[in-house]
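Chain by chain, the residues run as shown.
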Amino acid sequence: MHISRITSSFDNQVHRISATVMGTEVWFESPDVELRPSAEAFASAFLIPSLHIAEALEIDQPLDPVWLSNIKNILPLASEWWGYSEILPRALVVSPSTETASDKIGLSFSGGADSLYSLLRYGRKIDYLVFIQGFDMKHDDFERLEFYRKSLDRIGETTGSKIIILRTNIREH
């Protein structure tokens, strides 16, 4: 599974990152936060699908060695839990990240039982609740998003967490 041409853009107050995955554009966008292009972000999104089809994930941009080391620890779990072969992602180069880590905490948040449990039981303040439109619902289902947005905003106000809405077409891929 090949990932290439990772890019970013900013248009009409919306940040977008995109990549070509197996010849098709996959994107993530948000008006709520600046998105930076990252080989690790797309590689994370497509790691399990690549294992599912028993193909190596190939990225034409450098991967961070810490990320790659963490993936080496995840592969045995994927093998044990789902029977996947331990196929390590491949990149042209492995180079250390030059970005500074943040002390902020974000939670991928669907509003369901599991994410609510994680939010309430984590034990530390969650700075960002990240809802991804395009996983559980279609990326262009704005009517349903407005329904969700009311609940998300209320949860964010109650917990002091900022709501970030990401949209993606990854479900169609």
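Structure's up top.
Described in the following lines is the structure provided in the data block.

About the cut-offs
- Here, residues in each chain are numbered from 1, in the same order as that chain's written sequence.
- Two thresholds apply to this predicted model, a pLDDT of at least 70 for residue-level local features and 80 or more for giving and counting side-chain atom pairs, whereas whole-chain, interface and lining totals are computed over all residues.
- Side-chain descriptors were evaluated using all non-hydrogen atoms of the structure, hydrogens and water having been removed beforehand.
- Burial status follows relative accessibility: with a 1.4 Å probe on protein chains alone, a residue under 20% of its type maximum counts as buried, one over 50% as exposed, and anything between as partly exposed.
- The helix count covers DSSP runs of H or I at least four residues long, the strand count covers runs of E at least two residues long, and both are numbered beginning at the N terminus.
- Strand pairing follows a simple DSSP-based rule, namely that at least 2 bridges must link the two strands.
- Whether a crossover is right-handed depends on one test, that the path from the first strand over the helix to the second runs clockwise when the strands point away from the viewer.
- Angular values range over 0 to 180 degrees, each being the angle between N-to-C directions of two axes fitted as lines to C-alpha atoms, with helices fitted over their stretch in contact.
- The scheme is simple: roughly parallel for angles under 35 degrees, roughly antiparallel for over 145, roughly perpendicular for 65 to 115, oblique for anything else.
- We call a crossing left-handed when the near helix sits turned anticlockwise from the far one by less than a right angle, and right-handed when that turn is clockwise.
- Residues are treated as being in contact if the distance between any of their heavy atoms lies within 4.5 Å.
- When residues are sorted by character, Ala, Val, Leu, Ile, Met, Phe, Trp, Tyr, Cys and Pro go into the nonpolar class, Asp, Glu, Lys and Arg into the charged class, and all the rest, Gly among them, into the polar class.
- The length a helix should cover is 1.5 Å for every residue beyond the first.
- Think of it this way: the bend at a residue is just the angle between two axes, each fitted to seven residues, one set ending at that residue and the other starting at it.

### Let's talk about the pairing of strand 8 (residues 162-168)
Here comes step 1: Taken across its seven residues, strand 8 has six buried, putting it largely inside the fold.
Here comes step 2: Alignment of strand 3 (residues 24-30) against strand 8, held across two bridges, turns out to be antiparallel. If you follow E29 over to strand 8, its bridge partner there is R167.
Here comes step 3: Examined bridge by bridge, strand 7 (residues 128-133) and strand 8 share six bridges and lie parallel to one another. Bridge assignment links L129 to a residue of strand 8, and that residue is I163.
Here comes step 4: In the classification by handedness, the crossover that spans strand 7, the intervening helix 4 (residues 142-159) and the parallel strand 8 is right-handed.

### Concerning the packing of helix 1 (residues 39-52) against helix 2 (residues 65-82)
A pair of packed helices is captured by two measures, namely the crossing angle of their axes and the spacing between those axes.
Here comes step 1: Between helix 1 and helix 2, whose axes approach to 11 Å, the crossing angle comes to 25 degrees. Classified by the angle their axes make, helix 1 and helix 2 are roughly parallel. By crossing handedness, the relation of helix 1 to helix 2 is classed as right-handed. Between helix 1 and helix 2, the contacting residues are E40, A43, S44, L47, I48 and L51 on the first element and W67, I71, L75, A78 and W82 on the second.
Here comes step 2: Its residues assigned to classes, the contact of helix 1 with helix 2 comprises nine nonpolar, one polar and one charged.

### Quick notes on helix 2
Here comes step 1: For helix 2, with 18 residues, the first-to-last C-alpha span of 25 Å sits near the 26 Å given by 1.5 Å per residue.
Here comes step 2: Of all the bends in helix 2, the largest measures some 25 degrees and sits at N73, one to four residues before the proline P76.
Here comes step 3: Of the residues making up helix 2, those classed as buried are W67, L68, I71, L75 and A78.
Here comes step 4: Those residues of helix 2 that are buried are in contact with helix 1.
Here comes step 5: Looking one or two residues past helix 2, G83 carries a phi angle of roughly 80 degrees, positive in sign.

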